[in-house]
Amino acid sequence: MSTSRTTLQDVGAAPGAGVLETRLTGLSADEFARDVWARKPLLTRRASDFSDLFSAEAVDELISRRGLRTPFLRVAKDGSTLPDSAFTSSAGVGATIADQLDDTALWRAFADGATLVLQALQRTWGPVGEFGARLSAQLGHPVQANAYVTPPQSRGFDAHYDVHDVFVLQIGGTKRWLVHQPVHPDPLRDQPWTDHRSAVAEAARGTAHLDTVLEPGDVLYLPRGWLHAAEARGGVSVHLTLGIHTWTRYALAEQLVQEALAALRDDPWMRTTLPLGVEGPTGEIDMIREHLLAAVTKADPAPLFHRARRGQGRPAPLGPLAQHAAVDGLGPDTPVRLRAALEARLEGARLTTRVGWLDFSEADLPSVSRLLDGEARTAGELGVALVGRLLRAGVLVPAGE
């Protein structure tokens, strides 16, 4: 099996480093950013023991006991996805929703060679959600987690590319991966592999850039656009895929143009009607271009960009009963902290977050600024009334949560 032209790394990171260093690559964040990120695959042997994140037992728990519904699971066989009706049914008395997972149907499909794909595990399995949130915070890009459960000697999907970067974490069993060079480098979200189906199929018949078998604890990083196909070996394979939904320069350009167009709506000249009899409005286009360029030059895309970032994820879980207890027992010694993954941003006197926005008085702004570092503080330090307001809004949580 060849690992040529692809970096092969054994983990050995310094204490106190983030999950990128300690559990996924063994490289420092600077090394990964400089040499690997969005450039080339990285295969890391024996990266970590991932049994604390996910397991075969977790698969059975989610499928048979959690009452999951579609689209939290999809099923694939021989390169095609099965219809939801093939593996869902009503759950009986008190839970008659018709699209809940049918564990009997799923067992039969799995025994017949189908791959089970548990989707959006950051929403349904706590350890994976917490790990993904830590990775997202370190990378600055949203993270989604799926699990792929493949029976022996089976392949769930044909060669394809993703429109997001991925970290593949082998949990159980082994899986052979064939990776080929991109046919459409750095694809955007609306440029799926099916737009290049014939080129993908032709490239997949060529010599692989990487042909390797992942074993438990191994990690494979693939930038978006790299072709890949995977096949379980002699036993059941379980792996996690952490999808990094990368922000691009194109996305930032979209925010810039949107802000410019919003400004041009307030330009009286831009709202006027074109003259009668305009057949080839070259002169008009030149003047409009000048106005558009001027608007782009003045535009500040930061508010739109941060709003879009907030919309790409969810804040850390909040327990209503623990929150009620904190509000009910609030006093000067109550420890609180900023709720994680809020994408909180103080703009003037307004705090914008994933759970809404709040305006503050000048007197409260120093305390609001202090809490943004995420450190635990007492209500007395910040102001009991202010803390009560922020607890009720779901912006602060008890420091022990």
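Residues numbered from 1 in each chain as written. Predicted model: local features only at pLDDT ≥ 70, side-chain atom pairs only at ≥ 80, totals over all residues. Heavy atoms only, no water.

**Details of the pattern of salt bridges**
So, step 1. Summed over all chains, the structure comprises 12 salt bridges.
So, step 2. Between Arg 66 and Glu 61 there is a salt bridge whose closest N-O contact spans 3.1 Å.
So, step 3. The exposure class of Arg 66 is partly exposed, given its relative accessible area of 40%.
So, step 4. Since its relative accessible area comes to 26%, Glu 61 is described here as partly exposed.
So, step 5. For the salt bridge of Arg 289 with Asp 286, the shortest nitrogen-to-oxygen distance reads 3.1 Å. Of this pair, Arg 289 and Asp 286 both sit in helix α10 (residues 282–298), separated by three residues, roughly a single helical turn.
So, step 6. The class of Arg 289 is partly exposed, set by a relative accessible area of 44%.
So, step 7. Asp 286 gets classed as partly exposed once you look at its relative accessible area, which sits at 36%. (Salt bridge = Lys/Arg side-chain N within 4 Å of Asp/Glu carboxyl O. Buried < 20%, exposed > 50% of the residue type's maximum accessible area, 1.4 Å probe, protein only. Helix = DSSP H or I, 4+ residues; strand = E, 2+ residues; numbered from the N terminus.)

**What about the confidence of the model for the protein?**
So, step 1. Taken over all residues, the pLDDT of the protein has a mean of 90, while the share at 70 or more is 95%.
So, step 2. Low pLDDT, under 50, characterises residues 1–15; the stretch is placed with 44 contacts to residues that sit more than four places away or in other chains. (pLDDT = per-residue confidence, 0-100. Contact = heavy atoms within 4.5 Å.)

**Here we look at the nonpolar core**
Note on soluble globular proteins: their nonpolar side chains tend to be buried together.
So, step 1. Ranked by size, the top nonpolar core spans 46 residues in total, and within it Phe 54, Leu 118, Leu 121, Leu 135 and Phe 167 carry the most contacts.
So, step 2. If we skip the residues at most four places from it in the chain, Leu 118 touches Phe 54, Val 59, Leu 62, Ile 63, Leu 68, Phe 72, Leu 73, Ala 145, Asn 146 and Ala 147.
So, step 3. Core analysis: the next-biggest nonpolar cluster, separate from the first, contains 18 residues, Ala 326, Leu 342, Leu 351 and Leu 396 among them. (Core = buried A, V, L, I, M, F, W, Y, C linked by side-chain atoms within 4.5 Å.)

**Observations concerning the environment of Asp 103**
So, step 1. Relative to the elements of secondary structure, Asp 103 occurs in helix α4 (residues 103–111).
So, step 2. For the pair Asp 103 and Ile 63, spaced 40 residues apart in the sequence, the C-alpha separation amounts to 6.2 Å.
So, step 3. Those residues in contact with Asp 103, other than ones at most four positions away along the chain, are Ile 63 and Ser 64.

**Focus on the sheet that holds strand β11 (residues 210–214)**
So, step 1. In space, the three strands of this open sheet follow the order β11-β10-β13, with antiparallel pairing throughout. Two strands bound the open sheet, and with one partner strand each, they are β11 and β13 (227–232). Sheet twist, expressed as the average angle between the axes of neighbouring strands with direction ignored, equals 20°.
So, step 2. As defined by bridge partners, strand β10 (residues 175–180) adjoins β11 across five bridges and the pair is classed as antiparallel. Each residue of the ladder has a partner; that of Trp 177, found in β11, is Thr 212. (Pairing = 2+ DSSP bridges. Axes fitted to C-alpha atoms, helices over the stretch in contact; angles between N-to-C directions.)

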